[in-house]
Amino acid sequence: ALPILHIHKVIEDFFGNLKGYGKRINDVKECKEHVTMNSGHFHKDRRAFLRTSVKELETILADQPGLIGPKALFVFMALSFCRDEINWLVRHAENVTKTKTPEDYIDNKIAELIFLMEELKMLIRKHTWVIQRYHLQYLCRYDVQVLSDIIQNFTVCPEEESVIMSSFVTTLSSLTLKQADNKEQFDFTALRLDWFRLQAYTSVTKAPLHLRDNADLGKVMNLISFHTMMLDSLDEMIVETSDLSTFCFYIRTFEKMFALTMEEPLMLRYSIAFPMVCSHFVNCIHEMCPEEYPHLKNCGLGLCNTFLEEISKQA
């Protein structure tokens, strides 16, 4: 089990060692009492809301896949909201603070939320071409025009910054719909790195061109960065917004949630979500520690087989 850090206690001790901060200690205690009384019910309601909303979103997109392009951001937002709520429940389920409603920390419908996340991910992968085609048109038509107008309105533009911004316009202008239709592989890593480099150039104290004075440039470049990721980094975006590998560190909680699901007749249809989550475990791997892969793979595979055996008994 992972060690638990009781942050309110740590903060109280910190302020206790500082003169004149007694009032802050009382503020922290009030916050702790408020959270203890309300957070369980708040997150329970939020999970219930997400189950309904995400189910509606999945149904609409499955029926009208053409909407996945313009609504891609909302899909990733839905995935991240669900992930955050599931992670919150996992981390608190084994460490419930003193509360009058401990049942708020038990969710026998969590399988439905996980299943809906998997359904959304499947839709993204199935209709990748739709997403790419939509955002390719956005980049080569709207984004490049807005960026060009912003650059032309600069009164001061040093040579290095000018070269980088010109390369942005050139790269985006060269895009064509045939590239998406021919299923070409896109790679905008260089463009995004140049955007980071431009931010560094325009953020130093004596820079002739300050990014803080040109907020529109920051907005459109962040938008462009997201649009490029819809072309070359969809798999990475899926992992970033929906990874549930935290279950790898809370096996007992994971098994308890599965057991609750199997006891709930209406949730049996979503029980397959648990074996599917086992594939997330390998996302815990860090490139500096590749030797952990066999352990995580065996852990995920063992749990997956256990879950499938239990599901088959119910079939």
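See the structure above.
For the structure given in this document, a descriptive report is provided here. The model shown is predicted, which means the values in this text are computed figures rather than measured ones.

## Overview of the overall build of the protein
Across its full length, the protein holds 13 helices and 0 strands. Beginning at the N terminus, the succession of helices and strands in the protein can be written as α-α-α-α-α-α-α-α-α-α-α-α-α. When the 315 residues of the protein are sorted by exposure, 41% land in the buried category. By element, 56% of the accessible surface of the protein is carried by carbon and sulfur atoms, the whole surface being about 18,400 Å². Averaged over its 34 positive side-chain charges, the protein has a centre that lies 5 Å from the centre of its 42 negative ones.

## Points about the packing of aromatic side chains
For the coordinates displayed, the defined rule picks out 14 aromatic pairs. Geometrically, the ring pair formed by Trp88 and Tyr105 is stacked, given 5.7 Å between the ring centres and 25° between the ring planes. Remark: Tyr105 occurs in the loop between α3 (72-93) and α4 (110-126) and Trp88 occurs in helix α3; sequence separation between them is 17 residues. Accessibility classification places Trp88 together with Tyr105 in one group, the buried group.

## Observations regarding the packing of helix α6 (residues 159-173) against helix α8 (residues 189-201)
Axis separation between α6 and α8 bottoms out at 10 Å; the angle between their running directions is 155°. Relative to α8, the element α6 lies roughly antiparallel. As α6 runs across α8, the sense of the crossing is left-handed. Touching Glu160, Glu161, Ile164, Met165, Ser167, Phe168, Thr171 and Leu172 of α6 are Leu191, Asp194, Trp195, Arg197, Leu198 and Tyr201, all from α8. Counted by class, the contact of α6 with α8 contains 8 nonpolar, 2 polar and 4 charged residues.

## Quick word on the nonpolar core
Among the nonpolar cores identified, the biggest contains 51 residues, and Ile86, Phe247 and Phe254 are the most heavily contacted of them. Every residue in contact with Phe254, bar those within four places of it in the chain, is listed here: Phe247, Phe274, Val277, Cys278, Phe281, Leu303 and Phe307. Among the nonpolar cores identified, the runner-up in size contains 26 residues, and Phe186, Leu217, Met221 and Leu231 belong to it.

## Considerations on the environment of Ile311
Inspection of the secondary structure assignment puts Ile311 in helix α13 (residues 293-314). Taking the relative accessible area as the measure of exposure, Ile311 reaches 19% and is therefore buried. Here the alpha-carbon distance between Ile311 and Leu147, two residues 164 residues apart in the chain, equals 54 Å. Once residues within four sequence positions are removed from consideration, Ile311 is found in contact with Phe258, Met262, Ser271, Ile272 and Pro275.

## Description of the pattern of salt bridges
Across all of its chains, the model carries 15 salt bridges by this definition. Ionic pairing is found between Glu85 and Arg46, a salt bridge with its closest N-O pair at 3.2 Å. With Glu85 in helix α3 and Arg46 in helix α2 (residues 22-63), the pair connects residues that are 39 residues apart, well separated along the chain. Overall, the relative accessible area of 3% leaves Glu85 in the buried class. A salt bridge links Asp84 to Arg83; the shortest N-O distance between them is 2.9 Å. The exposure class of Asp84 is partly exposed, given its relative accessible area of 37%.

## Some words on the side chain of Ser245
Looking at the secondary structure, you find Ser245 in the loop between α10 (234-242) and α11 (251-263). Note on Ser245: relative accessible area 7%, which makes it buried. Separated by 2.7 Å, the side chains of Ser245 and Asp243 make a polar contact. The residues touching Ser245, leaving out its near neighbours within four places in the chain, are His280, Phe281, Asn283 and Cys284.

## Quick notes on unusual backbone geometry
Positive phi, close to 55°, is recorded for Lys183, a residue that is not glycine. Inspection of the secondary structure puts Lys183 in the loop between α7 (177-181) and α8. Given a relative accessible area of 63%, Lys183 falls into the exposed group.

## Examining helix α9 (residues 215-232)
The end-to-end C-alpha separation of α9 is 26 Å, in line with the 26 Å expected for 18 residues at 1.5 Å each. Burial in α9 covers these residues: Leu217, Gly218, Val220, Met221, Ile224, Ser225, Phe226, His227, Thr228, Met230, Leu231 and Asp232. Packing partners of the buried residues in α9 comprise α3, α5 (128-152), α6, α8 and α10.

## Regarding the environment of Glu184
Among the secondary structure elements, Glu184 is positioned in the loop between α7 and α8. We classify Glu184 as partly exposed; its relative accessible area is 37%. Residues Glu184 and Leu231 lie 47 residues apart in sequence; the distance between their C-alpha atoms is 10.0 Å.

What counts, and at which threshold
- Residues numbered from 1 in each chain as written.
- Predicted model: local features only at pLDDT ≥ 70, side-chain atom pairs only at ≥ 80, totals over all residues.
- Heavy atoms only, no water.
- Helix = DSSP H or I, 4+ residues; strand = E, 2+ residues; numbered from the N terminus.
- Buried < 20%, exposed > 50% of the residue type's maximum accessible area, 1.4 Å probe, protein only.
- Areas by Shrake-Rupley, 256 points an atom, 1.4 Å probe, with all protein chains shown as cover.
- Lys, Arg positive; Asp, Glu negative; His and termini not counted.
- Charge placed at Lys NZ, Arg CZ, Asp CG, Glu CD.
- Phe/Tyr/Trp six-rings, centres within 6.5 Å; stacked < 30°, edge-to-face > 60°.
- Axes fitted to C-alpha atoms, helices over the stretch in contact; angles between N-to-C directions.
- Parallel < 35°, antiparallel > 145°, perpendicular 65-115°, else oblique.
- Left-handed = near helix turned anticlockwise from the far one by under 90°.
- Contact = heavy atoms within 4.5 Å.
- Nonpolar A, V, L, I, M, F, W, Y, C, P; charged D, E, K, R; others polar.
- Core = buried A, V, L, I, M, F, W, Y, C linked by side-chain atoms within 4.5 Å.
- Salt bridge = Lys/Arg side-chain N within 4 Å of Asp/Glu carboxyl O.
- Polar contact = N/O pair within 3.5 Å; in protein donor to acceptor, adjacent residues only side chain to side chain.
- Expected span 1.5 Å × (residues − 1).

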